[in-house]
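Architecture at a glance
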Amino acid sequence: MAIQWFPGHMHLTKKAIQERIKAIDVVIELLDARLPGSSANPMLAELTSGKPGLKVLNKQDLADPARSALWLAHYNALPATRAMALDASETTPARRLISACHELAPGRSGMAKPMRVLICGIPNVGKSTLINTLTGKRVAKTGDEAGITKLEQRIVLADDFYLYDTPGVLWPRIIVARSGYNLAASGAIGRNAFNEEEVALELLGYLIRHYPGALASRYGIEMPPGATDEQMLGAIGRQRGAVLSGGRINLQKAAEIVIHDLRTANLGRITLETPGEFAAWRTEGEKVDAERQLKKKKPLCSTQ
Ligand code: G4P
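Just so you know, the residues in each chain are numbered from 1, in the order the chain's sequence is written. For this predicted model, a pLDDT threshold of at least 70 governs which residues receive local features, and a threshold of 80 or more governs which side-chain atom pairs are given and counted, while totals over whole chains, interfaces and linings are taken from all residues. The side-chain values count all of the structure's non-hydrogen atoms but skip hydrogen atoms and water molecules.

A closer look at the packing of helix 6 (residues 177-186) against helix 7 (residues 196-210)
Packed helices, taken two at a time, are described by the angle between their axes plus the distance between the axes. Basically, it comes down to this: Each axis is a line fitted through C-alpha atoms, taken for helices only over the stretch in contact, and angles between the N-to-C directions span 0 to 180 degrees. Helix numbering and strand numbering both begin at the N terminus, where a helix is a DSSP run of H or I of at least 4 residues and a strand a DSSP run of E of at least 2. For classification, angles of less than 35 degrees are called roughly parallel, those exceeding 145 degrees roughly antiparallel, those between 65 and 115 degrees roughly perpendicular, and all remaining angles oblique. Two residues qualify as a contact provided that any one of their heavy atoms is within 4.5 Å of a heavy atom in the partner residue. Amino acid classes used here: Ala, Val, Leu, Ile, Met, Phe, Trp, Tyr, Cys and Pro are nonpolar; Asp, Glu, Lys and Arg are charged; the rest, including Gly, are polar.
The geometry of helix 6 relative to helix 7 is characterised by a closest axis approach of 9 Å and an angle of 105° between their N-to-C directions. Classified by the interaxial angle, the pair formed by helix 6 and helix 7 is roughly perpendicular. Across the interface between the two elements, R178, Y181, A184 and A185 from helix 6 touch E198, V199, E202, L203 and Y206 from helix 7. Residue composition of the contact of helix 6 with helix 7, grouped by class: six nonpolar, no polar and three charged.

Here it is in structure tokens:
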């Protein structure tokens with residue numbers, strides 16, 4: 001899928017992280033619990049490698065609890081990594097976050113050696129909501145204005161606990177094709193940057209395979225075994241009255257309904273990837289990307 005967006009402050013953010021990372025004890029990465037693998041910024045892994053990491057699966061209220069458990073186990077098995085799931089309804093997540101950071105960097109406490117934590121996450125993952133909950137007040141979104149100093153803000157959670165906030169950025173090139181679809185379906189990518197019909201078809205294809213019950217109870221449509229994503233989208237459009245003159249189904253409208261139903265959990269709690277699936281998609285994506293890069297490097301015609 002050709003997803004196009006402006007990487008925004010990506011380069012400035014990268015520089016800000018590079019400058020800050022040396023004096024950081026723990027990196028908190030906020031992930032979308034519905035797509036933990038796809039919402040992890042590969043650029044961040046490079047920039048922060050070697051630092052203890054706390055993976056926070058946010059929006060757990062929208063995600064499939066059994067799959068969140070799989071992701072938590074996956075991250076907790078990684079070296080120097082802890083994971084926890086959260087949602088916006090949790091009013092006092094600070095204690096859990098702070099104690100997880102202390103477990104990851106036990107030497108840091110007291111005014112002389114305060115805990116220094118960097119918090120990162122893609123746009124719309126819920127970082128401002130979490131920071132507002134942690135601080136008890138409305139904090140402006142980081143990076144709303146250009147310039148490096150505006151790109152980072154320090155939040156004092158306790159006398160010996162500093163949180164450095166960074167702007168939510170997406171990386172410019174997505175090499176895992178399914179990640180593009182999942183990011184678009186979740187709302188991480190602006191609506192002008194993708195084709196809703198294509199995203200809805202991919203989403204329906206996945207739901208038919210993994211959450212047929214959710215589709216049946218939301219739309220009450222009896223589909224024959226082996227029904228395709230296209231047939232499903234058409235049936236949803238018809239059932240919801242998304243019909244154009246002449247009786248043609250308004251597939252754009254049907255696609256918007258499906259995407260909206262995922263985002264609002266009208267379809268129930270759904271997670272669009274498991275650790276195993278994501279690992280396989282990534283291997284495939286890296287292979288395709290390596291071949292693409294190789295092709296780019298090859299001269300267009302040989303001189304011989
Ligand atoms: P960001 O700073 O990472 O860009 O994200 P932000 O906090 O602005 O949150 C993006 C959207 O996600 C907001 O919804 C917010 O309410 C919602 N959100 C954040 N955390 C959670 C969560 O744990 N569960 C659920 N279900 N939603 C969450 P919005 O519709 O864009 O804005 P609004 O309705 O809050 O005004």
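From this point, the narrative continues.
Remarks on helix 4 (residues 94-104)
To be explicit about the condition: For each residue, the accessible area found with a 1.4 Å probe, counting protein chains only, is set against the maximum for its type, and the residue is called buried under 20%, exposed over 50%, and partly exposed in between. Taking the helix axis as origin, the arc is that swept by the directions to the C-beta atoms.
Within helix 4, burial applies to L97, A100, C101 and L104. The buried residues of helix 4 occupy an angular sector of 100° when the element is viewed end-on, so they sit on one face. Summarising the contacts, the buried residues of helix 4 are in contact with strand 1 (26-32), strand 2 (53-58), strand 3 (81-85), strand 4 (115-121), helix 5 (127-135) and strand 6 (161-165).

Observations regarding the site of the ligand
Cut-off, in case you're wondering: Here a residue is considered near a molecule or strand provided that any single heavy atom belonging to it is located within 4 Å of it. Whenever two N or O atoms come within 3.5 Å, that pair is a polar contact, provided that in protein one can donate a hydrogen and the other can accept it, and provided that, for residues adjacent in sequence, both atoms are side-chain atoms. Areas reported as accessible are Shrake-Rupley estimates using a 1.4 Å probe. Residue values count occlusion only from the protein chains shown.
Taken together, 15 residues lie around the ligand, and A88, N124, K127, S128 and T129 are the ones closest in. Within the backbone of N124, a nitrogen or oxygen atom sits 2.7 Å from an oxygen atom of the ligand. Taking G126, its main chain carries an N or O atom lying 2.9 Å from an oxygen atom of the ligand. Coverage of the ligand by the protein amounts to 59% of the 710 Å² it exposes when considered alone. Sorting elements by how many residues they give to the shell around the ligand places helix 5 first, with three residues. Residues belonging to the shell around the ligand are distributed by class as follows: five nonpolar, five polar and five charged.

Some words on the packing of aromatic side chains
The condition that has to hold: Note on aromatic contacts: the rings of Phe and Tyr and the six-membered ring of Trp form a pair at centre separations within 6.5 Å, being stacked when their planes are under 30 degrees apart, edge-to-face when over 60 apart, and tilted otherwise. Remark: a charge is flagged as sitting over a ring if the NZ atom of Lys or the CZ atom of Arg is within 6 Å of the ring centre and within 35 degrees of the ring normal.
Taken as a whole and assessed by the stated rule, the structure comprises one aromatic pair. Here the basic side chain of R20 rests over the ring of Y164, its NZ or CZ set 4.0 Å away from the ring centre. Over the ring of W281 we find R178, and its NZ or CZ is 5.4 Å from the ring centre.

A look at helix 1 (residues 10-21)
Note the cut-off: Helices are assigned an expected span. That span is 1.5 Å times one less than the residue count.
The end-to-end C-alpha separation of helix 1 is 16 Å, in line with the 16 Å expected for 12 residues at 1.5 Å each. Buried within helix 1 we find M10, T13, A16, I17 and I21. All buried residues of helix 1 lie within an arc of 125° about the axis, which places them on one face of the element. As for helix 1, its buried residues are in contact with strand 1, helix 2 (42-48) and strand 4.

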